[in-house]
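The chain contents come next:
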Amino acid sequence: MAQHDGTLTAKFTANNYNVNLENLDADEKGTENVSVPYNSSVNLTENITIPQKAHYDFGGYWTEENGSGLQLIDATGAWIASRDGYTDSDKNWLYTDNLTLYAEWTE
């Protein structure tokens, strides 16, 4: 058998995670989900299209319902930097699983 000298190079691709945006009974849905690659600000640098609900103000997206947990997207639809375990100071995505975020509404 012939022996070949050479170099093998590995190629790594960042895992993508789905972030589902639960609009919680919005009259007009905004962005419903976004795919975010690990350790990348791709899709975190653009604003999310926010939902609309008659007689309510949108308060951003949170990790738990009713404005509980951590807020990851503010009321303007912008991602928030430096959320422990979710984003770093450059808004790079750090969370290593799919995730659902919940809209907060104030009457």
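Scroll up to find the structure this text is about.
In this text, all values refer to a predicted model and were calculated from it rather than measured experimentally.

*Asks:* Residue-level account of a negative patch on the surface, with values.
*Replies:* On the surface, E22, D25, D27, E28, E32 and E65 cluster together into a patch of negative charge. With respect to the helices and strands, the residue E28 is situated in the loop between β1 (16-22) and β2 (33-37). The exposure class of E28 is exposed, given its relative accessible area of 51%.

*Asks:* Quick one: what's the story with the side chain of N92, residue by residue and with numbers?
*Replies:* Looking at the element boundaries, N92 is found in the loop between β4 (68-73) and β5 (99-106). From its side chain, N92 meets the backbone nitrogen of S41 in a polar contact 3.2 Å long. Not counting residues up to four positions away in its chain, the partners in contact with N92 are N39, S40, S41, L44, Y86 and T87.

*Asks:* Give a detailed account of the packing of aromatic side chains, specifying residues and quantitative values.
*Replies:* For the structure shown, the criterion picks out six aromatic pairs. Residues F58 and Y61 carry aromatic rings whose centres are separated by 5.1 Å and whose planes lie at 65° to one another, so their mutual orientation is edge-to-face. Comparing F58 with Y61 shows no difference in burial state: the two are buried. Where Y86 meets Y95, the ring centres are 4.9 Å apart and the plane angle is 15°; that geometry is what we call stacked. Given a relative accessible area of 15%, Y86 falls into the buried group. Taken together, W79, Y86, W93 and Y95 form an aromatic cluster joined through their ring pairs. The residue whose ring lies beneath K53 is Y56, and the NZ or CZ to ring-centre distance is 4.5 Å.

*Asks:* So, the nonpolar core: which residues are in play, and what are the values?
*Replies:* Residues V19, Y61, W79, W93 and L101 are the most contacted members of the largest nonpolar core, which totals 19 residues. Of all the secondary-structure elements, those providing two or more residues to this core are β1, β2, β3 (57-64), β4 and β5. At four residues, the largest contribution of residues to this core is made by β5. Aside from chain neighbours lying at most four places away, what touches V19 is E32, N33, V34, V36, W79, W93, L99 and L101.

*Asks:* Report on the sheet that holds β2, specifying residues and quantitative values.
*Replies:* Spatially, the five strands line up as an open sheet ordered β2-β1-β5-β3-β4, and their pairing is mixed. Each of the sheet's edge strands pairs with one partner strand only, and the pair in question is β2 and β4. Sheet twist, expressed as the mean angle between neighbouring strand axes with direction ignored, is 35°. Alignment of β3 against β5, held across four bridges, turns out to be antiparallel. In the sheet register, D57 faces β5, and the bridge partner there is T106.

Conventions adopted
- Residues numbered from 1 in each chain as written.
- Predicted model: local features only at pLDDT ≥ 70, side-chain atom pairs only at ≥ 80, totals over all residues.
- Heavy atoms only, no water.
- Patch = residues over 30% accessible without salt bridge, like charges linked within 9 Å, V, L, I, M, F, W, Y side chains within 5 Å.
- Areas by Shrake-Rupley, 256 points an atom, 1.4 Å probe, with all protein chains shown as cover.
- Salt bridge = Lys/Arg side-chain N within 4 Å of Asp/Glu carboxyl O.
- Lys, Arg positive; Asp, Glu negative; His and termini not counted.
- Charge placed at Lys NZ, Arg CZ, Asp CG, Glu CD.
- Helix = DSSP H or I, 4+ residues; strand = E, 2+ residues; numbered from the N terminus.
- Buried < 20%, exposed > 50% of the residue type's maximum accessible area, 1.4 Å probe, protein only.
- Polar contact = N/O pair within 3.5 Å; in protein donor to acceptor, adjacent residues only side chain to side chain.
- Contact = heavy atoms within 4.5 Å.
- Phe/Tyr/Trp six-rings, centres within 6.5 Å; stacked < 30°, edge-to-face > 60°.
- Lys NZ or Arg CZ within 6 Å of the ring centre and 35° of its normal.
- Core = buried A, V, L, I, M, F, W, Y, C linked by side-chain atoms within 4.5 Å.
- Pairing = 2+ DSSP bridges.
- Axes fitted to C-alpha atoms, helices over the stretch in contact; angles between N-to-C directions.

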